[in-house]
Structures are given as structure tokens and as C-alpha cells.
Amino acid sequence: SIFIKCKQLSGCSSTIEVIVRMKRVYYDLHLHSCLSPCGCEDMTPNNIVNMAKLMGYDMIALTDHNSCLNCEATVTVGKRNGLTVVPGMELCTAEDAHTICLFPTVADAMEFHQYVKQHSSIMNNDAGTFGKQIIMNDLDEPIGEETQLLINAANIGIDNVVALVNQYHGAAFPAHIDRSAYSVFSTLGAIPPEANFKAAEITPYADEVCLLREHAELRDKILLCNSDAHYLEHMLEPNAWLALPECTPEC
């Protein structure tokens, strides 16, 4: 446990000291299932959850490309196996900048999913090129297939993502900012201040010192390190952690 001492102002002349017990929560908040284009068919709800449990994670997030259709099954499997699963999505914005969107409940995630679908271009998936986009239940049984290609940019600007996700009680941050493609730095060169992101994602191979030196806007943001795994073997040993009062999606 981690103890944090806070001072809460009471009127103008006195303070109250509050001790908050925080938990060290090992996380991976960027994982893909077999629903994502180019995602391995072995990335089923049960395989993802069981691998994360085996590796020692406390919390993971399922963030398929532009879809939340496998979130309910994965959250259910997580509850059955004692692992916190945050429902989410990796949104491709109008600028081709990938952004992670996380939600406290599956219901919130699915409402956001419907909004994104309504603001996305309609193009059929080529399963021979991108693989099948498989929808599964909590028993790893295929229950459908998404025919609309999920990797295209949605008609949602990056400046609007945080405010939009907040409407569904969620939080958002730009994905893999140190990559040379589909990142906010590769497409825009900087994180727009109007976007109001409080955090940003780096890959495990990022040069944090160099990023902070070259991008001053990162210095007041939480840097989250996630795997972006599309294959079971790409899931990483848990090293990154967050101090949270509870290991829940709401936190």
C-alpha cells in the first residue's frame, strides 16, 4: 500500500490532514482482441484475461480499433477470474492520430461505440488483407463478425475527443506518442493544447528523457506505458503501475 498525506483547507485558518491508502495497481491499458484488424485470432476474451492474470496484472483495458463490441465479454471474463478489465477503444481521429478512450462501464463504452460508428466512413473489411474482425462471447465462441473495416479514421477531431469521451463518463489520452505513424506527434507534431489531455501513452521502447526535452507539453501529463498487444506473445511483463484508491474501472 501507498500512503498519501493530503491537506484539506477548512475555512481560512486551519487544515485537516487526511491519510489516503492507495494501492499499487499494475496495468496494461491498451490491448486488442481478435476484433481488431491485424489482431491475432488467439486474442480471445479468455486468453487475454488468463494471460494477464498469469503475468501478474491487476488491471487491463480492452481497446480494439474503433469498436467496443468485445468489451462486454472480456469484462465478464475478468470478473469471473478476479481481474479488473476496463472497457475501451482505440479511436482513430480525423487526423489519423490514435487515441485511447476508457470508460467506467460497458454501457458507457457501447454508447460511445454507437457514436463513433455513426461518425465513421463505411468501407467493407477485406478479411484476406486485414483478417477477420471476430465478435465473441465470454465462452470464446464467435457470435458475429464486424464487416465494416475498423482501421479508418472517424470524423472526430482530436481537439474534441476529451470533451466527447467525458460525456460518456470516460477519459482519453493519445496513444503511442513516440511512434512514427498514427501518433499525435507523427501527424500534428505536437499535442494541441485545446485537446486538454491529462495523460499520454508511450511505448516500452520510448526515450522518456528525450520526449520530455523535445515536447514541453508532456511535462504536466501522466505518462502511461502500455503494450498495444495484438498477439498474446506481445503482452509484456507488468512493470508500469498506478497509485489508485481502488482497483476499479471508475478509478
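Look a little higher up for the structure.
All of these numbers come straight from a predicted model, not from anything done at the bench.

About the thresholds
- Residues numbered from 1 in each chain as written.
- Predicted model: local features only at pLDDT ≥ 70, side-chain atom pairs only at ≥ 80, totals over all residues.
- Heavy atoms only, no water.
- Helix = DSSP H or I, 4+ residues; strand = E, 2+ residues; numbered from the N terminus.
- Rg over C-alpha atoms; globule rule 2.2 N^0.38 Å.
- Buried < 20%, exposed > 50% of the residue type's maximum accessible area, 1.4 Å probe, protein only.
- Areas by Shrake-Rupley, 256 points an atom, 1.4 Å probe, with all protein chains shown as cover.
- Lys, Arg positive; Asp, Glu negative; His and termini not counted.
- Charge placed at Lys NZ, Arg CZ, Asp CG, Glu CD.
- Contact = heavy atoms within 4.5 Å.
- Salt bridge = Lys/Arg side-chain N within 4 Å of Asp/Glu carboxyl O.
- Phe/Tyr/Trp six-rings, centres within 6.5 Å; stacked < 30°, edge-to-face > 60°.
- Expected span 1.5 Å × (residues − 1).

### Comments concerning the overall build of the chain
When helices and strands are tallied, the chain shows seven helices and eleven strands. Here the C-alpha radius of gyration of the chain, 18 Å, is about what a compact globule of 251 residues would show, namely 18 Å. Across its three principal axes, the chain shows a C-alpha extent of roughly 65 × 40 × 35 Å. Every one of the 251 residues in the chain was classed for burial, and the buried ones make up 49%. Within the structure as shown, the chain displays about 12,200 Å² of accessible surface, and the carbon and sulfur contribution to it stands at 51%. Here the chain contributes 15 positively and 32 negatively charged side chains, and the mean placements of these two sets differ by 11 Å.

### Quick word on the side chain of T44
Among the structural elements, T44 can be located in the loop between β2 (14-31) and α1 (45-55). Beyond its immediate sequence surroundings of up to four residues, T44 is in contact with M136 and D140.

### A few points about the environment of P192
With respect to the helices, strands and loops of the structure, P192 is situated in the loop between α6 (184-188) and β9 (199-202). For the pair P192 and V106, spaced 86 residues apart in the sequence, the C-alpha separation amounts to 29 Å. In contact with P192, other than residues within four places in its own chain, are I158, D159 and V184.

### Some details on the pattern of salt bridges
According to the stated counting rule, one finds four salt bridges in the structure shown. Where R80 meets D138, a salt bridge forms, and the shortest distance between an N and an O atom there is 2.7 Å. A residue pair is termed long-range when its members are at least 10 positions apart, and R80 in helix α2 (residues 71-81) and D138 in the loop between β6 (134-136) and β7 (142-145) qualify at 58 residues. Here R80 falls in the partly exposed class, since its relative accessible area comes to 45%.

### Topic: the packing of aromatic side chains
This structure, assessed with the given rule, holds three aromatic pairs. Plain terms: the ring middles of F112 and Y168 are 5.7 Å apart, the flat faces sit at 70 degrees to each other, and that makes the pair edge-to-face. Of this pair, F112 sits in helix α3 (residues 106-118) while Y168 is found in the loop between α5 (161-167) and β8 (171-174), placing the two residues 56 residues apart along the sequence. Both residues of the pair, F112 and Y168, count as buried. Taken together, the ring pairs in this structure connect F103, F112, Y115 and Y168 into an aromatic cluster.

### Quick notes on the side chain of D228
With respect to the helices and strands, D228 occurs in the loop between β10 (222-225) and β11 (241-244). On the basis of relative accessibility, which here comes to 9%, the residue D228 falls in the buried class. Setting aside chain neighbours within four positions, we find D228 in contact with D28, H30, H32, E90, H176 and R179.

### Describing α3
Counted at 1.5 Å a residue, the expected span for α3 with its 13 residues is 18 Å, and the 18 Å between its end C-alpha atoms agrees. Those residues of α3 hidden inside the fold are in contact with α2, β4 (84-92), β5 (98-102) and α5.

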